[in-house]
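Chain by chain, the residues:
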Amino acid sequence: MKRTNDLGRDPILPLVLKLAIPTMLAQLVSVLYSIVDRMYIGNIHGVGDLALAGVGVCGPIVTLVASFASLVGLGGAPIMAMRMGEDKTEEAHSILWNCFALLTGLSLALTVVFLLLKDFLLMWFGASHATFPYADQYLTVYLMGTFFALLSTGMNSFLICQGFSGLGMATVMLGAVMNIILDPIFIFIVDLGVAGAALASVLSQAASCAFVLWSLLRNKTPVPLRKRPFAWPVAKQALTFGLSPFLIIATDSILLIILNSVLQWYGGPGEGDALVTCATIVQSYFLLITMPMGGITLGCQSIISFNYGAGRTDRIRKAMKCIVGLCVLFCGFMLLMTHLASPFFVSLFTQNQVLAARSVRFIKIFTLGILFLGVQYPLVDETTALGQVRVALFCSLFRKGIFTAGLFLFPYFFGAEATFLAEPLADVIAATNSTLLFARIFPRTLAFRERELSEQAHSVR
């Protein structure tokens, strides 16, 4: 297993590209988990639109469960990268094992809790009596694979933070390709319908989980997965560090739940299900933007964290410029694709011409502010990589607060369809706020690290 990236010495732009592009592609491929499921489900003869709405209600719950992988993986991986940058290998080993133990325990607990609460959650989060049976079938099967979902995603962060971006991409692509192959088999040939789509996802995630654990167990890995005593202080540090990305992802799920509930409430019987179906398609498209961009920013966190630990603040400044620039370029490309390709994208989900036309219009509204999102994402994620968790969390929750206000106010004054305006409003205001805060805090954080290292060197002399 060759480690292809030297986080402390490789030229910054090539290093950013080598880490960002594989993780971006991996996240893009991972979107196919949900998109392929929804595409096939939307084309089930006779019930496709209702089944798609049902699975759309499950989406935020599935994301909420998966967010616990971020709590541990995105909390522990930057700390581990810092310890590697400080050449504290034994501490890095301890972080890896403790995070593995946390993910294992969390996955078992979450499986039990969500299986017990699923009926209540589905009806509360936007299912109607017509869509509940489809939502229930999908979620029940999916929750049985929680262990594989959390371990494959959470432990993959520790593979990427050691410089193995290619293996990190392979982990995700393995599961996604399997899902694409198994979906039509289980949905149509075996005739399992919605449950077949969930079963395909579970088996695919199991394959990804096996691959990432095998990769981390190899002796050639700089910090391989080896048993260590469980240390609560180490686990607590990872959980504290991961609180920001966890809340960012978890609150995304809550916002989608509110979105579905508001659309059902203001849409009323019949129209509410149609709007939730449109929202499911819109969110599927939006994932094509946010997931790959998250791959860029999260994949490059190891550069920021490693060099912060090593005291190479000059490399951090260069990396930040490259990461923000790459995200804005990506969002510009996706804005162009929105106006060129969204009708084709929507046609993959539904043959209902009225639903298709409305979905295309809603996609164009929802993505109006994505250039600003290209600034928001890297500032939040790389601020987390520097250890400024509270600042990153504030910036993220500020955006979600604006979005929530829009979800309630726009439909109240302008009708149910105006709900989709909440996203561009939040993107513009939040990116402006994050930029102003970052410009103030970023120089201070780097100056503090420089003084800290200078004092340590002086004390040694």
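The structure this text deals with has already been given above.
Cut-off values and rules
- Residues numbered from 1 in each chain as written.
- Predicted model: local features only at pLDDT ≥ 70, side-chain atom pairs only at ≥ 80, totals over all residues.
- Heavy atoms only, no water.
- 1 Å grid on protein atoms, 1.4 Å probe; cavity = no way out; pocket = protein on both sides within 12 Å on 5 of 7 lines; lining within 4 Å.
- Points joined across faces, edges and corners; volume = space filled by probe spheres on them.
- Nonpolar A, V, L, I, M, F, W, Y, C, P; charged D, E, K, R; others polar.
- Phe/Tyr/Trp six-rings, centres within 6.5 Å; stacked < 30°, edge-to-face > 60°.
- Buried < 20%, exposed > 50% of the residue type's maximum accessible area, 1.4 Å probe, protein only.
- Helix = DSSP H or I, 4+ residues; strand = E, 2+ residues; numbered from the N terminus.
- Disulfide = S-S within 2.5 Å.
- Axes fitted to C-alpha atoms, helices over the stretch in contact; angles between N-to-C directions.
- Parallel < 35°, antiparallel > 145°, perpendicular 65-115°, else oblique.
- Left-handed = near helix turned anticlockwise from the far one by under 90°.
- Contact = heavy atoms within 4.5 Å.
- Salt bridge = Lys/Arg side-chain N within 4 Å of Asp/Glu carboxyl O.
- Core = buried A, V, L, I, M, F, W, Y, C linked by side-chain atoms within 4.5 Å.

Student: Which parts of the structure should I look at to understand empty space enclosed by the protein?
Tutor: A probe as big as a water molecule, rolled over the atoms, marks out the empty space that is left. For the coordinates displayed, the defined rule picks out two cavities of 30 Å³ or more. Size it by volume and the second largest cavity reaches roughly 40 Å³. Lining the second largest cavity are Leu379, Val380, Thr383, Val391, Ala392, Cys395, Ser434, Leu437 and Phe438. Here the residues of the lining of the second largest cavity sort into seven nonpolar, two polar and no charged.

Student: What exactly am I supposed to notice about the packing of aromatic side chains here?
Tutor: How two aromatic rings sit relative to each other is set out by the distance from centre to centre and by the angle between their planes. Evaluated as defined, the whole model comprises 17 aromatic pairs. Ring centres of phenylalanine 345 and phenylalanine 349 lie 5.0 Å apart, and the angle between their planes is 50°; this geometry places the pair in the tilted category. Just as phenylalanine 345 is buried, phenylalanine 349 falls in that class too. An aromatic cluster of at least three residues, connected via ring pairs, comprises Phe286, Phe362, Phe366 and Phe420.

Student: Whenever I open this one, the layout of surface pockets confuses me. Can you help?
Tutor: Roughly 270 Å³ of internal volume is contained in the largest pocket. Together, 15 residues line the largest pocket, and Leu28, Tyr285, Leu288, Met334 and Phe345 are the ones closest to its centre. Of all elements in the fold, only α1 (12-42), α9 (271-299) and α11 (313-347) reach the threshold of two or more residues within the lining of the largest pocket. Taken together, the residues that form the lining of the largest pocket break down as 15 nonpolar, no polar and no charged. Approximately 230 Å³ is the volume found for the second largest pocket.

Student: I keep staring at unusual backbone geometry and nothing clicks. Help me out?
Tutor: Of all residues except glycine, most have a negative phi; of all peptide bonds, most are trans. Of note in this structure, aspartate 87 is not a glycine but carries a positive phi near 65°. Mapped onto the elements, aspartate 87 comes out in the loop between α2 (48-85) and α3 (89-124). Of note in this structure, aspartate 191 is not a glycine but carries a positive phi near 65°. Here aspartate 191 shows up in the loop between α6 (165-189) and α7 (194-217).

Student: I keep staring at the state of the cysteines and nothing clicks. Help me out?
Tutor: Enumeration over the complete set of coordinates arrives at zero disulfides. Left unpaired, cysteine 209 is separated from the closest cysteine sulfur, that of cysteine 99, by 15 Å. The exposure class assigned to cysteine 209 is buried, which follows from its relative accessible area of 3%. Cysteine 327 provides the cysteine sulfur closest to cysteine 331, a residue in no disulfide bond, and the two sulfurs are 6.7 Å apart.

Student: How should the packing of α3 against helix α8 (residues 232-267) be read in this particular structure?
Tutor: For any two helices packed against each other, the geometry is given by the interaxial angle and the distance between the axes. Taken N-terminus to C-terminus, the directions of α3 and α8 make an angle of 25°; their axes are 13 Å apart at the nearest point. For the element pair α3 / α8, the angle class is roughly parallel. When the axes of α3 and α8 are compared, the crossing they make is right-handed. Residues Ser94, Ile95, Asn98, Cys99, Leu102 and Trp124 of α3 form the contact with α8, whose participating residues are Val234, Ala235, Ala238, Leu239 and Ser261. Its residues assigned to classes, the contact of α3 with α8 shows eight nonpolar, three polar and no charged.

Student: Teacher, can you tell me more about the pattern of salt bridges here?
Tutor: Per the counting criterion, the structure on display carries 13 salt bridges. We note a salt bridge from glutamate 86 to lysine 88, for which the minimum N-O separation is 3.6 Å. The partly exposed category is assigned to glutamate 86, whose relative accessible area is 27%. Of the charged contacts in the structure, one is a salt bridge between arginine 358 and glutamate 271, with a shortest N-O distance of 2.6 Å.

Student: Help me understand the packing of α2 against α3 in this model?
Tutor: Close contact between α2 and α3 brings their axes to 10 Å; oriented N to C, the two are set at 170°. Here α2 is positioned roughly antiparallel relative to α3, judged by the angle of their axes.

Student: Explain helix α10 (residues 301-310) here, please?
Tutor: At 3.6 residues per turn, the α-helix brings residues three or four places apart onto the same side. In terms of residue burial, α10 counts as a mostly covered element, since nine of its ten residues are buried. All of the buried residues along α10 are Gln301, Ser302, Ile303, Ile304, Ser305, Phe306, Asn307, Tyr308 and Gly309. In the stretch just after α10, glycine 311 is the one whose phi turns positive, near 80°.

Student: Teacher, can you tell me more about the environment of glutamine 162 here?
Tutor: Considering the arrangement of structural elements, one finds glutamine 162 in the loop between α5 (146-160) and α6. The buried category is assigned to glutamine 162, whose relative accessible area is 0%. The spatial distance from the C-alpha of glutamine 162 to the C-alpha of proline 222 is 7.2 Å, given a sequence separation of 60 residues.

Student: What is the right way to read the environment of alanine 195 from this model?
Tutor: Structurally, the position occupied by alanine 195 is in helix α7. Between the C-alpha atoms of alanine 195 and glycine 75, which are 120 residues apart in sequence, the distance is 33 Å. In this view, alanine 195 contacts Gln137 and Val141; residues no more than four positions away in its chain are not counted.

Student: Is there a simple way to explain the nonpolar core in this structure?
Tutor: Formed by 137 residues in total, the largest nonpolar core has its most connected members in Met80, Tyr138, Met155, Phe158 and Ile303. Listed in part, the five residues of the second largest apolar core include Val380, Val391, Ala392 and Cys395.

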